[in-house]
Amino acid sequence: MSNDDKVSIIVPTRNRRDWLRDALRSVREQTWKRIEMVVVDEASTDPTLAMLEAEFPEARVVSHRKPRGPSGARNAGIDASTGDWILFLDDDDLLHPRHIEDLVTATRSAPAGSVVSGRWR
């Protein structure tokens, strides 16, 4: 992993525009700057897509006409991502500003073959 490694953050959502907005703001505030936002919209009927277009034009958006469920949304996000690493984020979760940087740092210092995970609360 190098400083050029990109982390794709995949966020499935459905009709939770306001919570999604807060989650994506926490992604924007990361100290690790090589981040790709991938939002998978599961057939929202609220103004989620309009909010994404207006407020998060940098996000790659995958839109489903019919909900595929959490696994289907995450798999679609993986297919659409271009990062070296994947992080799944629920639309009602927030990341501490150093979350990604801390995970990258821990991964770099871990022995080969290790699994690195962060705390959630």
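Attention here is on the structure that accompanies the text. Keep in mind that this is a model prediction, so the values were computed, not measured.

Cut-offs and rules
Residues numbered from 1 in each chain as written. Predicted model: local features only at pLDDT ≥ 70, side-chain atom pairs only at ≥ 80, totals over all residues. Heavy atoms only, no water. Salt bridge = Lys/Arg side-chain N within 4 Å of Asp/Glu carboxyl O. Helix = DSSP H or I, 4+ residues; strand = E, 2+ residues; numbered from the N terminus. Buried < 20%, exposed > 50% of the residue type's maximum accessible area, 1.4 Å probe, protein only. Pairing = 2+ DSSP bridges. Axes fitted to C-alpha atoms, helices over the stretch in contact; angles between N-to-C directions. Patch = residues over 30% accessible without salt bridge, like charges linked within 9 Å, V, L, I, M, F, W, Y side chains within 5 Å. Areas by Shrake-Rupley, 256 points an atom, 1.4 Å probe, with all protein chains shown as cover. Expected span 1.5 Å × (residues − 1). Arc of directions from axis to C-beta. Contact = heavy atoms within 4.5 Å.

1. Quick look at the pattern of salt bridges
- Per the stated rule, a full pass over the model turns up 11 salt bridges.
- Close ionic contact of Arg28 with Glu58 constitutes a salt bridge, the shortest N to O distance being 2.8 Å. One end of the pair, Arg28, is in helix H1 (residues 17–28); the other, Glu58, is in the loop between helix H2 (48–55) and strand E3 (60–64), and 30 residues separate them in sequence.
- Residue Arg28 is classed as partly exposed on the basis of its relative accessible area, which comes to 39%.

2. With respect to the environment of Asp22
- Note on placement: Asp22 falls in helix H1.
- In this structure the C-alpha to C-alpha distance between Asp22 and Asp41, which are 19 residues apart in sequence, comes to 16 Å.

3. Section: the sheet that holds strand E1 (residues 7–13)
- The four strands are arranged E3-E2-E1-E4 in an open sheet whose pairing can be described as parallel. Sheet topology places E3 and strand E4 (85–88) at the edges, where each strand pairs with a single neighbour. For this sheet, the mean inter-axis angle between neighbouring strands, taken without regard to orientation, is 20°.
- Sheet topology places strand E2 (residues 35–42) next to E3; five bridges connect them, and they run parallel. Across the sheet, residue Glu42 finds its bridge partner in E3, namely His64.

4. What about a nonpolar patch on the surface?
- A cluster of nonpolar side chains, namely Ile78, Ile86 and Phe88, defines an oily patch on the protein surface of about 230 Å² accessible area.
- Of note, Phe88 is situated in strand E4.
- Owing to a relative accessible area of 37%, Phe88 belongs among the partly exposed residues under this scheme.

5. Let's talk about helix H3 (residues 69–80)
- Taking 1.5 Å as the rise per residue, H3 with 12 residues should run 16 Å; its terminal C-alpha atoms sit 17 Å apart, in good agreement.
- Burial in H3 covers these residues: Ala73, Ala76, Gly77 and Ala80. Buried residues of H3, viewed axially, fall in a sector of 105°; they line one side. Those residues of H3 that are exposed and aimed more than 90 degrees away from the buried face are Ser71 and Asp79.
- Along its buried surface, H3 packs onto E1, E2 and E3.

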